[in-house]
Amino acid sequence: MNKNHILLIIGVLILMGIASYLGYQMSIKATSSETKIVPPPFLTSTVIQKWSAVAQGKVTDIAGRNLVLIKNEETLAIPISETAKIYRVDVTQEVEKPEEVSFEDIKIGDEVGVPIEIIAGRIEGSSVTILSQ
């Protein structure tokens, strides 16, 4: 082999190395930009005054005015408002007529529905419906 062939092979190898390096760097930048998760600011915004949702699950713990619910192996602790109304509904009846009961009537193992309000980033239950069967 003459000297020109060797220089040509070395030049091609250097170009391949540079191309590989640039491809690797671009893939790192693309991967790192895709993994950034930015939480939506509306959950903690002071402009938004109130959000509402419904939590439903089985009561696993009661501590003071807090209920801990579980559903699909996921738990959530919900503080219940002092002014919250508590209802019991028998879901086996054709006409589901809610009966107003007290907070103390909620038992561990009860299936409940809790309308919650998200105010300034924290949640609070505004009422509780015990679903009797």
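Note that the structure is predicted; figures quoted are calculated from it, not measured.

Some details on the pattern of salt bridges
Part 1: The final tally for this structure, using the stated rule, is two salt bridges.
Part 2: We note a salt bridge from E82 to R65, for which the minimum N-O separation is 3.9 Å. You can see E82 sitting in strand β3 (residues 74–90) and its partner R65 sitting in the loop between β1 (51–63) and β2 (66–71), a full 17 residues away along the chain.
Part 3: Look at E82 and you get exposed, because its relative accessible area is 65%.
Part 4: As a salt-bridge pair, E100 and K85 come within 3.7 Å of each other at their nearest N and O atoms. With E100 in strand β4 (residues 99–101) and K85 in strand β3, this pair connects stretches of sequence that are 15 residues apart.
Part 5: Take K85: its relative accessible area is 41%, and that puts it in the partly exposed class.

Points about a nonpolar patch on the surface
Part 1: On the surface, I6, I10, I14, L15, I18, Y21 and L22 cluster together into a nonpolar patch covering about 700 Å² of accessible area.
Part 2: Along the polypeptide, L15 turns up in helix α1 (residues 3–34).

Description of the nonpolar core
Part 1: In this structure, L67, L69, I80, I106, V114 and V128 are the most contacted members of the largest nonpolar core, which totals 16 residues.
Part 2: Secondary-structure elements contributing two or more residues to this core are β1, β2, β3, β5 (111–119) and β6 (122–132).
Part 3: Sorting elements by how many residues they give to this core places β3 first, with four residues.
Part 4: What L67 contacts, discounting residues up to four positions off in sequence, is V59, D61, I62, L76, A77, I78, I80, F103, I106 and V128.

Overview of the side chain of S132
Part 1: If you trace the backbone, S132 turns up in strand β6.
Part 2: Relative accessible area serves as the criterion here: at 18%, S132 is assigned to the buried category.
Part 3: Within the structure, the side chain of S132 is placed 3.2 Å from the side chain of R88, a separation counted as a polar contact.
Part 4: Setting aside anything within four residues of it in sequence, one finds S132 in contact with R88, V89, D90, V91 and T92.

Brief notes about the pairing of β3
Part 1: Two strands pair when backbone bridges link them, and β2 and β3 are joined in this way by six bridges, in the antiparallel orientation. Following the sheet pairing, N66 is matched in β3 by P79.
Part 2: Connecting β2 to the antiparallel partner β3 that follows it, the hairpin turn spans two residues, and N72 within it adopts a positive phi of roughly 50°.
Part 3: The pairing of β3 with β6 spans seven bridges and is parallel. By the bridge assignment, Y87 is partnered in β6 with T129.
Part 4: Both β3 and β4 contribute to a ladder of three bridges, which runs antiparallel. In the sheet register, Y87 faces β4, and the bridge partner there is E100.

So, unusual backbone geometry
Part 1: Unlike most non-glycine residues, N72 shows phi in positive territory, near 50°.
Part 2: Within the fold, N72 resides in the loop between β2 and β3.
Part 3: Owing to a relative accessible area of 73%, N72 belongs among the exposed residues under this scheme.
Part 4: Residues other than glycine seldom take positive phi values, yet E73 does so here, at roughly 65°.
Part 5: Tracing the backbone through its elements, the reader meets E73 in the loop between β2 and β3.
Part 6: Assessed through its relative accessible area of 77%, E73 is described here as exposed.

The rules behind each value
Residues numbered from 1 in each chain as written. Predicted model: local features only at pLDDT ≥ 70, side-chain atom pairs only at ≥ 80, totals over all residues. Heavy atoms only, no water. Salt bridge = Lys/Arg side-chain N within 4 Å of Asp/Glu carboxyl O. Helix = DSSP H or I, 4+ residues; strand = E, 2+ residues; numbered from the N terminus. Buried < 20%, exposed > 50% of the residue type's maximum accessible area, 1.4 Å probe, protein only. Patch = residues over 30% accessible without salt bridge, like charges linked within 9 Å, V, L, I, M, F, W, Y side chains within 5 Å. Areas by Shrake-Rupley, 256 points an atom, 1.4 Å probe, with all protein chains shown as cover. Core = buried A, V, L, I, M, F, W, Y, C linked by side-chain atoms within 4.5 Å. Contact = heavy atoms within 4.5 Å. Polar contact = N/O pair within 3.5 Å; in protein donor to acceptor, adjacent residues only side chain to side chain. Pairing = 2+ DSSP bridges.

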